[in-house]
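Architecture at a glance
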Amino acid sequence: MAVKHLIDLDEFSHEELFKILNMANLIMKNPGYYTDSCHGKVMATLFYEHSTRTQMSFQTAMLRLGGTVIGFDNPLNSSVSKGESLKDTVRVISNYADLITMRHVDEGAAKAAALYSRSPIINAGDGGHLHPTQTLTDIVTLLETKGTLENLTIGLCGDLKNGRTVHSLIKAMSKFNNNKFVLISTKELTVPDYIKAILKKNNCPFSESTSLADAIGELDVLYMTRIQKERFLSEIDYINQKGVFVLDMEKLNKAKSDLKILHPLPRVDEIDIAVDDDPRAVYFDQTEYGMYARMALILHILDSDHKLINDTGDVNPAFTCENEKCITNKEIYLPKLTKAEENKQVCAYCEH
Ligand code: CP
């Protein structure tokens, strides 16, 4: 076995992924059995960006496994406020913690942190890029509520451009047999081209729609997302997108009786609260499944058979990432790393 940072769920083979999913199921059935599994272990939660679910579900996961937690939930309360680099912060914290979960505002930050950490890094969300542990949560939710990860028509609705949970989920679910995707968004907020390229590479049929009402009837799964206000460069651009897609009972009445509605949360206005009481709404159960998923992930990553592997990419001094939200534009000492994708070199941090 050999992965040890979790930057992208892709890093797990199907075998490893199912090992974690099976573990999550075992923990769910008998949580008391695992209460001392991480005795003596310390996890650091470094949250450079706001969070409720991811941060607290990781914290409760580690505490329920018998470990302890250190960290910050606001970099302004740490020496980051004095100008400490990501590299130095991570290098230091990895002397204190056996495992680091990190959320950051910049795309590719988890990859950058992994370059300098002596302990495994778990990506708890890097800007608008990826959110692999939300995807693990989503997959556990689908297994528990739909009973399968295959033969599903999956609708994703809302901010498909900036929604990191969307990108991670499409990457993961496009690898399972016979899934189809319906991408529901405005023209301004469609999924990035690199995600469409992944769908094509995995021979996954997908269509694009600007109408939730028209698309909902064919779906087995509806993944609603909020418009990511914090990723917009101007307030007016955000206001133009806000409130375009709202799931209400009128639309839900056109859906299949066994539809499952997921949402990574937080919700703003994209799901009417009347929908919460419909049995098809599983987004609050999803938060509990996320805790079990993270317990299983912590156990997997701290498994003593594993060794720290860091697939860095290719050093390419001439490369400059053009993505202004990429970590390489803030932490300028980072080595210029690229990786091959569809016959071209992309940034190894943010995949731009
Ligand atoms: N789903 C999710 O990432 O929620 P938080 O931002 O509250 O962690």
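Our subject in this report is the structure included herewith.

Definitions and cut-offs
- Residues numbered from 1 in each chain as written.
- Predicted model: local features only at pLDDT ≥ 70, side-chain atom pairs only at ≥ 80, totals over all residues.
- Heavy atoms only, no water.
- Helix = DSSP H or I, 4+ residues; strand = E, 2+ residues; numbered from the N terminus.
- Rg over C-alpha atoms; globule rule 2.2 N^0.38 Å.
- Buried < 20%, exposed > 50% of the residue type's maximum accessible area, 1.4 Å probe, protein only.
- Contact = heavy atoms within 4.5 Å.
- Areas by Shrake-Rupley, 256 points an atom, 1.4 Å probe, with all protein chains shown as cover.
- Lys, Arg positive; Asp, Glu negative; His and termini not counted.
- Charge placed at Lys NZ, Arg CZ, Asp CG, Glu CD.
- Near = heavy atom within 4 Å.
- Polar contact = N/O pair within 3.5 Å; in protein donor to acceptor, adjacent residues only side chain to side chain.
- Expected span 1.5 Å × (residues − 1).
- Pairing = 2+ DSSP bridges.

With that out of the way, let us pick up the overall build of the protein chain. Counting its regular elements, the protein chain contains eleven helices and twelve strands. Computed over its C-alpha atoms, the radius of gyration of the protein chain comes to 20 Å, within 12% of the 20 Å expected for a compact globule of 352 residues. Here the C-alpha coordinates of the protein chain stretch approximately 55 × 50 × 40 Å along the principal axes. Looking at the protein chain as a whole, 55% of its 352 residues qualify as buried. Considering only residue pairs separated by 6 or more positions, the protein chain has 72% of its internal contacts joining residues 24 or more positions apart. With the model as given, the accessible surface of the protein chain reaches about 15,400 Å², and the carbon-plus-sulfur share is 49%. Averaged over its 39 positive side-chain charges, the protein chain has a centre that lies 2 Å from the centre of its 48 negative ones.

We now examine the site of the ligand. Near the ligand, the surroundings consist of Ser-51, Thr-52, Arg-53, Thr-54, Arg-103, His-131, Gln-134, Pro-264 and Leu-265. One nitrogen or oxygen atom from the side chain of Thr-54 is found 2.7 Å from an oxygen atom belonging to the ligand. One of the backbone N or O atoms of Leu-265 is found 3.0 Å from a nitrogen atom in the ligand. For the ligand, the accessible surface in isolation is 250 Å², of which the surrounding protein chains cover 91%.

End to end, helix α11 (residues 283-302) covers 29 Å across 20 residues, agreeing with the expected 28 Å (1.5 Å per residue, within 8%). By the criterion of burial, α11 is predominantly enclosed, with 16 of the 20 residues buried.

This part covers the sheet that holds strand β11 (residues 337-341). If you walk across this open sheet you meet the three strands as β10-β11-β12, and the pairing is antiparallel. Each edge of the open sheet is held by one strand with a lone partner, namely β10 (314-315) and β12 (344-347). Bridge count between β10 and β11: two bridges; the pairing is antiparallel. Opposite Val-315, over in β11, you have Leu-337 as the bridge partner.

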